[in-house]
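Residues per chain are reported as follows:
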Amino acid sequence: MTLVLFLQQVLNGLLDGVYYLLIALGLSLIFSLGGIVNLAHGAFYAIGAYLTLVLSPYVGFGGSLVLSPAAVALLGVLIERFLFRRFYRSDPILSLLLTFGLAMVAEQALRMIFGAPPLSYSIPQALRGQIFLGDFVYSYYRTVLLAIAIGCVAGLWVLLHKTSFGRVVRAGVQNPDMVGALGISLEPYMAAVAALGIGLAGLAGVLLAPIYAVHPAMGAEIITPAFVVVVIGGLGSFWGVVLAALLVGLVKGMMVAVGYSAGSTAAIYLLMLLVLLFRPRGLLGERITRFE
């Protein structure tokens, strides 16, 4: 294998890590603030992909890039208001059962509406082509995808660390009782966090629709690696999840690059096992009073 091909495979693995990151950040935020183990998070990713297929003929891919995540985020607000809010003070196992059922309902609903066979969506004409850097060749669309994902992660970091909204959310993650004692209601913040996290999953679905086949079970396929990223990164840690996503992508890409693509998924589970053995809280996990 040439060095150029090796680098291409590693970069493809990092791309996988980036879209795991978009989903894992939402998972981490929702669980950290509300204690909800959202197994339905992958279903919102699938809904985002299907909305791209539905909306693109009318508003184009650019319009879908805005409208699909917005619609999924609105759906997240409704789910938070009528379902999640009932389980914030309950045992997390109850929310796990709830969201597992919700994921099954969403998958079957997509199958009834769109059918079981996979659907395809072509890369928009304006985003086709290759980028050439000497002998290194890479897809222009995948490069744009990476740039959008990096922009989203940077924007979320600014929101959580440089605004009053973010300060309340981070305080609510660490000690919600103290925030309540200060007279601050966390309910609107929880709704906003659900919209952000679920909207990011919908955005990942839009971005990945032109690369992978769109089918009803695609959410179930991605939710396990996303949880692996959250576990490796550590609960309540923004940069822990980012670092874990990059590590998972790097490990997966390197396994493919050296010719062991069949073992790439097993490798990320082994990475999770090693992290849990030596650092049960995850790489950069924070202490959260409510769960200890």
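Residue positions are counted from 1 within each chain, in the order its sequence is given. With the structure being a predicted model, the display of local features is reserved for residues of pLDDT at least 70 and the display and counting of side-chain atom pairs for 80 or more, all residues being used for whole-chain, interface and lining totals. The basis for every side-chain value is the complete set of heavy atoms in the structure, and neither hydrogens nor water enter the calculation.

It is worth spelling out the overall build of the chain at this point. By the criteria applied, helices consist of DSSP H or I runs no shorter than four residues and strands consist of E runs no shorter than two, each listed in order from the N terminus. Within the chain, the regular secondary structure consists of ten helices and two strands. Start at the N end of the chain and walk to the C end: the helices and strands fall as α-α-α-β-β-α-α-α-α-α-α-α. Relative accessible area decides the class of each residue, using a 1.4 Å probe on protein chains only: under 20% of the type maximum gives buried, over 50% gives exposed, and in between gives partly exposed. Here the chain, with 292 residues, has 47% of them falling under the buried criterion. Considering only residue pairs separated by 6 or more positions, the chain has 77% of its internal contacts joining residues 24 or more positions apart. A total of about 13,500 Å² of accessible surface is found on the chain, and carbon and sulfur atoms cover 70% of it. Residues count as neighbours in contact if any of their non-hydrogen atoms are within 4.5 Å of one another. Accessibility throughout is a Shrake-Rupley quantity obtained with a 1.4 Å probe, and a residue counts as covered only by protein chains that appear here.

Only the six-membered ring of Trp is used, alongside the rings of Phe and Tyr, when aromatic pairs are assigned; centres must lie within 6.5 Å, and planes under 30 degrees apart are stacked while those over 60 apart are edge-to-face, with the rest tilted. Counted under the stated rule, the structure contains eight aromatic pairs. Ring centres 4.4 Å apart and planes at 20° place the aromatic pair Tyr50 and Phe114 in the stacked group. Taken together, the positions of Tyr50 in helix α2 (residues 41–82) and Phe114 in helix α3 (residues 92–114) put the pair 64 residues apart, joining distant regions of the chain. Note on Tyr50: relative accessible area 1%, which makes it buried. Relative accessible area serves as the criterion here: at 29%, Phe114 is assigned to the partly exposed category.

So, about the UniProt feature "transmembrane region" (unreviewed entry) in the chain. The UniProt record marks residues 17–36, 66–84, 96–119, 139–160, 189–214, 226–250 and 257–278 with the feature "transmembrane region" (unreviewed entry), using the residue numbering of this structure. Helix makes up 90% of residues 17–36 and strand makes up 0%, while its end C-alpha atoms are separated by 23 Å. Here residues 257–278 runs as 73% helix and 0% strand, with 28 Å between its end C-alpha atoms. UniProt positions are given in the numbering used here, feature names are shortened, and annotations may be inferred rather than shown by experiment.

This paragraph deals with the packing of helix α4 (residues 140–161) against helix α9 (residues 238–257). Angles here are taken between N-to-C directions and fall from 0 to 180 degrees, while the axes themselves are lines fitted to C-alpha atoms, restricted in helices to the stretch in contact. Two elements in contact, α4 and α9, have axes whose closest approach is 11 Å; the angle formed by their N-to-C orientations is 165°. Here α9 runs roughly antiparallel to α4, going by the angle between their axes. Crossing of α4 over α9 shows left-handed handedness. Along its contact with α4, which presents Val153, Leu156, Trp157, Leu160 and His161, the element α9 presents Phe238, Trp239 and Val242. Asp, Glu, Lys and Arg are counted as charged, while Ala, Val, Leu, Ile, Met, Phe, Trp, Tyr, Cys and Pro are counted as nonpolar; the rest, among them Gly, fall into the polar class. Of the residues belonging to the contact of α4 with α9, the class tally is seven nonpolar, one polar and no charged. In what follows, roughly perpendicular refers to angles from 65 to 115 degrees, roughly parallel to angles under 35, roughly antiparallel to angles over 145, and oblique to any angle outside these ranges. Crossings are classed by handedness, with left-handed meaning an anticlockwise turn of the near helix from the far one by less than a right angle and right-handed meaning a clockwise turn.

For the rest of this paragraph, the subject is the environment of Leu208. Examined against the element boundaries, Leu208 turns out to sit in helix α7 (residues 187–208). Under the relative-accessibility criterion, Leu208 is labelled buried at 1%. Each C-alpha atom, one on Leu208 and one on Ala126, is 16 Å from the other, the two residues being 82 residues apart in sequence. If we skip the residues at most four places from it in the chain, Leu208 touches Tyr19, Tyr45 and Leu145.

Another aspect to go through is the packing of helix α1 (residues 3–34) against helix α8 (residues 218–233). Closest axis-to-axis distance for the α1/α8 pair is 8 Å, and the angle between their directions is 70°. Taken together, the axes of α1 and α8 lie roughly perpendicular to each other. For the element pair α1 and α8, the recorded crossing hand is right-handed. Contacts from Tyr19, Tyr20, Ile23, Ala24, Leu27 and Ser28 in α1 reach Ile222, Ile223, Pro225, Ala226, Phe227, Val229 and Val230 in α8. By residue class, the composition of the contact of α1 with α8 is twelve nonpolar, one polar and no charged.

Along the polypeptide, Ile47 turns up in helix α2. With a relative accessible area of 17%, Ile47 lands in the buried category. For the pair Ile47 and Phe278, spaced 231 residues apart in sequence, the C-alpha to C-alpha distance is 37 Å. Ile47 has contacts with Val72, Leu75 and Leu110, leaving out every residue within four places of it along the chain.

The subject of this paragraph is a nonpolar patch on the surface. Put simply, a patch holds well-exposed residues, over 30% relative accessible area, that have no salt bridge, with like charges counted together within 9 Å and Val, Leu, Ile, Met, Phe, Trp or Tyr side chains within 5 Å. Salt bridges are counted wherever a side-chain nitrogen of Lys or Arg sits within 4 Å of a carboxyl oxygen of Asp or Glu. There is a patch of nonpolar side chains on the surface, built from Leu270, Leu273, Leu274, Leu277 and Phe278 and spanning about 550 Å² of accessible area. Tracing the backbone shows Phe278 in helix α10 (residues 264–278).

Definition used in this section: a nonpolar core is a set of buried Ala, Val, Leu, Ile, Met, Phe, Trp, Tyr and Cys residues joined via side-chain atoms within 4.5 Å. Ranked by internal contacts, the top residues of the largest apolar core, which has 78 residues, are Leu25, Phe44, Tyr45 and Val229. Of all the elements, α1 adds the most residues to this core, at 13 residues. Setting aside its immediate chain neighbours within four residues, Val229 contacts Tyr20, Ala24, Val241, Ala244, Ala245 and Val248.

Below, the discussion takes up α2. Helix span is expected to be 1.5 Å times the residue number reduced by one. Helix length check: α2, at 42 residues, gives a terminal C-alpha distance of 16 Å against a target of 62 Å (1.5 Å per residue), a shortfall beyond 12%. The reported bend at a residue is simply the angle between two axes, fitted to the 7 residues ending at it and to the 7 residues beginning with it. The sharpest bend along α2 comes to roughly 125°, located at Val59.

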